[in-house]
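Listed below are the residues making up each chain.
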Amino acid sequence: MAENDKIIDEVVANDYKYGFTTNIEQEFAAVGLSEDTVRFISAKKEEPEWMLDWRLKAYKAWLKMEQPKWQNVHFPEIDFQSIIYYAAQKRKKVINSLDDVDPEIRNTYDKLGIPIQEQKLLAGVAVDYVMDSESVITTFRESLKEKGIIFCSISEAIREQPELVKKYLGSVVPQRDNYYAALNSAVFSDGSFVYIPKGVRCPMELSTYFRINAENTGQFERTLIIADEGSYVSYLEGCTAPMRDENQLHAAVVELVTHDNAEIKYSTVQNWYPGDKEGKGGIYNFVTKRGICQGKNSKISWTQVETGSAITWKYPSCILKGDNSIGEFYSVAVTNNYQQADTGTKMIHIGKNTKSRIVSKGISAGNSQNSYRGQVQVHRTADNAYNSSQCDSLLIGDKCGAHTFPYLEIKNSTGKVEHEATTSKIGEDLLFYCNQRGLTNEEAVSMIINGYCKEVFKQLPMEFMVEAQKLLSISLEGSVG
Amino acid sequence: MLSIRNLNVGIAEKQILKDFNLEIKPGEIHAIMGPNGTGKSTLASTLAGKEDYEVLSGEVSFNGKNLLEMSADERAREGVFLAFQYPVEIPGVSTTNFMKAAVNAKRKHQGLEPMDAKDFLKLMREKMTLVEMNKEFTSRSVNEGFSGGEKKRNEIFQMAMLEPSLCLLDETDSGLDIDALRIVANGVNKLRDYKRSFLVITHYQRLLNYIVPDYVHVMYGGKIVKSGGKELALKLEEQGYDWIKEEVGELAN
Ligand SMILES: Nc1ncnc2c1ncn2[C@@H]1O[C@H](COP(=O)(O)OP(=O)(O)OP(=O)(O)O)[C@@H](O)[C@H]1O
Ligand SMILES: [Mg+2]
């Protein structure tokens, strides 16, 4: 109950507690997007020629593409010329030790509850801190290096691991994959890079903490994780942003690659600013996440807890190419007030005996709209493919909506696909029943939500499970009378 | 323990309870009988604090406190328990977790620490035995897929867990088979003590063979129109409500 108390206290005390800004001296790219912007970013990052060419190719592709309109979300047209595509802290060039990190930035991460200090970090979690367009610092990298693990910012990887980056960047999400992926490919500024060598089990959780700070700025990070044969890594990303009245764009790309017998577990706790109670402001979160199980017996598992953003548009997917490979998607998506989420997954079965599992838990409250969109493709080559999907919707109150859009494409008759969907509602009778047993509305909702999301929460690393539970209670504050 | 004075309650513009009066002393069992739609569940829900019911006037004091000023969850923590006529299903929450939350909410209210896991499980086992409930039910979501009778038994189990001082039983006997009726009644009897009071709403005298009441009241038109001992229930069983309605009619004339 003590834990519960804390949650309620926080619920009462806070709306969006991550909504402060950091005062640091920053430098920006000129407003708007042109070939010059792309060149500017590339030059700022001291990138090699091949990288600039890669970006320009993406930029040219993007110019010819159109914004997708098929999602079940509604928002005013985005003016891509009013966004700043690069913001970074003005600072001395090289950060060699933690002491070199700007105290204001340290302060920010302290306030967010993730101090940049190796000894104080959650036991066994290495963190890459990304603010706006720059990676601030990556912790624990020396001890990881001893095992041959590379964990650094993508900018650094471009400079120092060109062969790996050239080989894998865009191999899962090509530049012209979709409108926002093309945009990201042209202007991405930072993100994390992970390489786990053959046979290595990464001894700690790897984590990136994304923070949008600057005004009118888009965040376009790029993450690339490669698990070589027989390796294993668990990776977690967290995201927050200050409260601002305008909408801010976040268009990230994440690519995962697993070789034979390798496994990547990718978890997200997304808490971008969702806008205020009237639906003003908030982050547009348009993200492309995709992993490929390249090798046999490999596994990719996506777990996401999505509570923030005004609009979420995101479908972490698995391409199951290697025989016997496994793809998993566990998702909790919460929408409250005027938030809109259109999220789900794609499981693409190509190899034999490939398996996928989808567990999606949508929670809608207030006036929000929550859509699950999931696709299962079983290709001709995928003998004995198996998919099970469980899509549950929970409604709190009666002004919100939940929608489910499952798509099936089965081209091999030996496959087996199971789909189950439920809708439940936290209505007055249910709350009264809980009240009658001594629980307040907040306690009742928190209990029901935690029960409802159990299957997803238990996929998260322990420390983040508690975090995720708290986050949910906070997001649903005031959703019942 | 419970004192209801001139209680008037309405719902959706319609007055249901009309100048309702009742006194219950510690340790007493009161049975309320009466035709459908006379306001028995309304009484129980109002006492439990359901917001749809609008208290127009009247007073209710519970252990010396003004019950009507408390929220539903506060009343529960103060020791009012309602065994629902139609128990609700709670998706995704096991009976064990539900009871853990409820027991600890009450303990917190009493200034006690949360119960430790071992003691809690011991308490669960003890109370499950009381209502002869199968262990399997406690790991399933509360009431989800339970049969009508199983839901009712689960209500009594929860009552036993929470050890309330006022137990309101709204037609707990309906939907129970003969064995279950005996089990539920036994459960209630074991919970009976000199402090704990019961208000038992029922349509059938049969229940009162097992749970022997101190008083039987007949409710009609939103108020108690006749009170007596347990023999009143027998008379109702034999003769129905017509003679009561006649008497009330005469009184009204
Ligand atoms: N939400 C509501 N809106 C309108 N009328 C209602 C509502 N709830 C209850 N009533 C009415 O109030 C009256 C009393 O209902 P109540 O449930 O208290 O009766 P009861 O004595 O418990 O009946 P039963 O023996 O059938 O359980 C009924 O006429 C019922 O239709
Ligand atoms: Mg009734």
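The model shown is predicted, which means the values in this text are computed figures rather than measured ones. (Residues numbered from 1 in each chain as written. Chains lettered and ligands numbered in written order. Predicted model: local features only at pLDDT ≥ 70, side-chain atom pairs only at ≥ 80, totals over all residues. Heavy atoms only, no water.)

**Remarks on the sheet that holds strand E8 (residues 197-201) of chain B**
Strand pairing within a sheet occurs via backbone hydrogen bonds; the two strands may be parallel or antiparallel.
Residues and elements named next belong to chain B.
Stage number 1. Spatial ordering of the open sheet is given by E6-E7-E8-E3-E9-E10, a layout of 6 strands whose pairing is mixed. The sheet is open, and its two edges are formed by strand E6 (80-83) and strand E10 (223-228), each paired on a single side. On average, each strand axis in the sheet is tilted by 20 degrees relative to the strand beside it, whichever way the strands run.
Stage number 2. Sheet strands touched by helix H6 (residues 148-162): E6, strand E7 (166-170) and E8. Its angle to E6, the strand with the most contacts, is close to 170 degrees. (Pairing = 2+ DSSP bridges. Helix = DSSP H or I, 4+ residues; strand = E, 2+ residues; numbered from the N terminus. Axes fitted to C-alpha atoms, helices over the stretch in contact; angles between N-to-C directions. Contact = heavy atoms within 4.5 Å.)

**Looking at helix H3 (residues 95-109) of chain B**
Since one α-helical turn is 3.6 residues long, residues separated by three or four positions face the same way.
Residues and elements named next belong to chain B.
Stage number 1. With 15 residues, H3 should cover 21 Å at 1.5 Å per step; its first-to-last C-alpha distance of 21 Å lies within 8% of that length.
Stage number 2. Along H3, the residues that are buried comprise Thr-95, Thr-96, Phe-98, Met-99, Ala-101, Ala-102, Val-103, Asn-104, Ala-105 and Lys-106.
Stage number 3. Two residues or fewer past H3, Gly-111 is found with a positive phi of approximately 75 degrees. (Expected span 1.5 Å × (residues − 1). Buried < 20%, exposed > 50% of the residue type's maximum accessible area, 1.4 Å probe, protein only.)

**Focus: the sheet that holds strand E2 (residues 14-24) of chain B**
All names here are of chain B.
Stage number 1. As summarised here, the arrangement of the 4 strands in space is E2-E1-E4-E5, forming an open sheet in which the pairing is antiparallel. Bordering the open sheet on either side are E2 and strand E5 (65-66), each of which pairs with just one other strand.
Stage number 2. Sheet topology places strand E4 (residues 54-62) next to E5; 2 bridges connect them, and they run antiparallel. Across the sheet, residue Ser-61 finds its bridge partner in E5, namely Asn-66.
Stage number 3. On top of the sheet, helix H1 (residues 40-48) reaches strand E1 (2-11), E2 and E4; it is set at about 110 degrees to E1, its chief contact.

**Considering the coordination of the magnesium ion (ligand 2)**
Stage number 1. The protein atoms donating to the magnesium ion (ligand 2) are Ser-41 of chain B (OG) and Gln-85 of chain B (OE1), with metal-donor distances spanning 2.0 to 2.4 Å. Of the two residues, Ser-41 of chain B is situated in helix H1 and Gln-85 of chain B in the loop between E6 and H3; the sequence distance between them amounts to 44 residues. (Donors = N, O, S within 2.8 Å, 3.2 Å for Na, K, Ca; no water.)

**A closer look at the site of ligand 1**
Residue and element names in this part refer to chain B.
Stage number 1. Close to ligand 1 lie 14 residues, the nearest being Gly-37, Lys-40, Ser-41, Thr-42 and His-203.
Stage number 2. Asn-36 is positioned such that a nitrogen or oxygen atom in its side chain is 3.0 Å from an oxygen atom of ligand 1.
Stage number 3. In this structure, an oxygen atom belonging to ligand 1 sits 2.8 Å away from a main-chain N or O atom of Ser-41.
Stage number 4. In isolation ligand 1 exposes 640 Å². Once the protein is present, 65% of that is buried.
Stage number 5. Listed by contribution, the elements that provide at least two residues to the shell around ligand 1 are E2 and H1.
Stage number 6. Here the element with the most residues in the shell around ligand 1 is H1; it accounts for 3 residues.
Stage number 7. Across the shell around ligand 1, the residue classes tally to 3 nonpolar, 8 polar and 3 charged. (Near = heavy atom within 4 Å. Polar contact = N/O pair within 3.5 Å; in protein donor to acceptor, adjacent residues only side chain to side chain. Areas by Shrake-Rupley, 256 points an atom, 1.4 Å probe, with all protein chains shown as cover. Nonpolar A, V, L, I, M, F, W, Y, C, P; charged D, E, K, R; others polar.)

**Description of the interface of chain A and chain B**
Stage number 1. Contacts between chain A and chain B engage 21 residues on the former and 32 residues on the latter.
Stage number 2. Taking both sides of the interface into account, the surface hidden between chain A and chain B amounts to around 2,200 Å²; carbon and sulfur atoms contribute 66%.
Stage number 3. On the chain A side of the contact with chain B, Phe-432, Tyr-433 and Arg-437 of chain A bury the most area, a combined 34% of that side's loss.
Stage number 4. On the surface where chain A and chain B come into contact, there are 2 salt bridges.
Stage number 5. Of the charged contacts, one joins Glu-155 of chain B and Arg-437 of chain A as a salt bridge, the two residues approaching to 2.7 Å between their closest N and O atoms.
Stage number 6. There are 10 residue pairs in polar contact (both at pLDDT 80 or more) connecting chain A and chain B.
Stage number 7. Elements with a contribution of two residues or more to the side of chain A that touches chain B: helix H9 (428-436) and helix H10 (441-457) of chain A.
Stage number 8. Examining the composition of the side of chain A that touches chain B, we find that 8 residues originate from one element, H9 of chain A, more than from any other.
Stage number 9. Residue composition of the side of chain A that touches chain B, grouped by class: 9 nonpolar, 6 polar and 6 charged. (Buried area = accessible area lost by both parts, 1.4 Å probe. Salt bridge = Lys/Arg side-chain N within 4 Å of Asp/Glu carboxyl O.)

**Structural notes on the packing of H9 of chain A against H10 of chain A**
How two helices pack is summed up by the angle between their axes together with the distance between the axes.
All names here are of chain A.
Stage number 1. Two numbers describe how H9 lies on H10: the axes approach to 9 Å, and their chain directions differ by 110 degrees. The angle between H9 and H10 falls in the class roughly perpendicular. Contact with H9, carried on its side by Leu-430, Leu-431, Cys-434 and Asn-435, involves Asn-441, Ala-444, Val-445, Met-447 and Ile-448 of H10 and no other residues of that element.
Stage number 2. When the residues that make up the contact of H9 with H10 are grouped by side-chain class, the tally is 7 nonpolar, 2 polar and no charged. (Parallel < 35°, antiparallel > 145°, perpendicular 65-115°, else oblique.)

**Quick look at the side chain of Ser-3 of chain B**
Residues and elements named next belong to chain B.
Stage number 1. Mapped onto the elements, Ser-3 comes out in strand E1.
Stage number 2. Of the polar contacts made by the side chain of Ser-3, one reaches the side chain of Arg-5; its length is 2.7 Å.
Stage number 3. Polar contacts involving the side chain of Ser-3 include one to the side chain of Glu-23, which spans 2.8 Å.
Stage number 4. Contact partners of Ser-3, with chain neighbours within four places excluded, come to Leu-22, Glu-23, Glu-59, Val-60 and Ser-61.

**Notes on the packing of aromatic side chains**
Stage number 1. Across all of its chains, the model carries 16 aromatic pairs over all chains by this definition.
Stage number 2. On the numbers, 5.5 Å between centres and 70 degrees between planes, the contact of Phe-80 of chain A with Tyr-179 of chain A is edge-to-face. On the criterion of sequence distance, the pair formed by Phe-80 of chain A in the loop between helix H3 (49-63) and strand E2 (87-89) and Tyr-179 of chain A in helix H8 (residues 179-187) is long-range, its members being 99 residues apart.
Stage number 3. Taking relative accessible area as the criterion, Phe-80 of chain A reaches 7% and is therefore assigned buried.
Stage number 4. Relative accessible area serves as the criterion here: at 9%, Tyr-179 of chain A is assigned to the buried category.
Stage number 5. Summarising the aromatic geometry, the rings of Phe-137 of chain B and Phe-146 of chain B are spaced 5.1 Å apart at their centres and angled 70 degrees between planes, so their arrangement reads as edge-to-face. For the pair shown, Phe-137 of chain B and Phe-146 of chain B are each scored as buried.
Stage number 6. Grouped by ring-pair contacts, the aromatic residues Tyr-59, Trp-62, Phe-80, Tyr-179, Tyr-180, Tyr-284, Phe-286, Trp-313 and Tyr-315 of chain A constitute a single cluster.
Stage number 7. The ring of Phe-188 of chain A has Arg-222 of chain A lying over it, and the distance from NZ or CZ to the ring centre is 5.8 Å.
Stage number 8. The ring of Tyr-433 of chain A carries the charged tip of Arg-437 of chain A above its face, separated from the ring centre by 4.7 Å. (Phe/Tyr/Trp six-rings, centres within 6.5 Å; stacked < 30°, edge-to-face > 60°. Lys NZ or Arg CZ within 6 Å of the ring centre and 35° of its normal.)

**A look at the nonpolar core**
Stage number 1. Counting 98 residues, the largest nonpolar core has Ile-363 of chain A together with Phe-98 of chain B as its most contacted members.
Stage number 2. A per-element tally of this core places H10 of chain A first, with 9 residues.
Stage number 3. Setting aside chain neighbours within four positions, we find Ile-363 of chain A in contact with Val-332, Ala-333, Val-334, Thr-335, Asn-370, Leu-394, Ile-396, Ile-449, Tyr-452, Cys-453, Leu-472 and Leu-476 of chain A. (Core = buried A, V, L, I, M, F, W, Y, C linked by side-chain atoms within 4.5 Å.)

**Considerations on a positive patch on the surface**
Stage number 1. Together, Lys-57, Lys-60, Lys-64 and Arg-176 of chain A make up a region of like positive charge exposed at the surface.
Stage number 2. Its location among the elements puts Lys-64 of chain A in the loop between H3 and E2. (Patch = residues over 30% accessible without salt bridge, like charges linked within 9 Å, V, L, I, M, F, W, Y side chains within 5 Å. Lys, Arg positive; Asp, Glu negative; His and termini not counted. Charge placed at Lys NZ, Arg CZ, Asp CG, Glu CD.)

**Side note on the environment of Arg-437 of chain A**
Stage number 1. Within the fold, Arg-437 of chain A resides in the loop between H9 and H10.
Stage number 2. Taking the C-alpha atoms as reference points, Arg-437 of chain A and Ile-83 of chain A, 354 residues apart in sequence, are found 52 Å from one another.
Stage number 3. Aside from chain neighbours lying at most four places away, what touches Arg-437 of chain A is Ala-76, Phe-81, Leu-82, Phe-84, Phe-98, Ala-102, Glu-155, Gln-158 and Leu-162 of chain B.

Taken by themselves, the reported measurements are silent on function.
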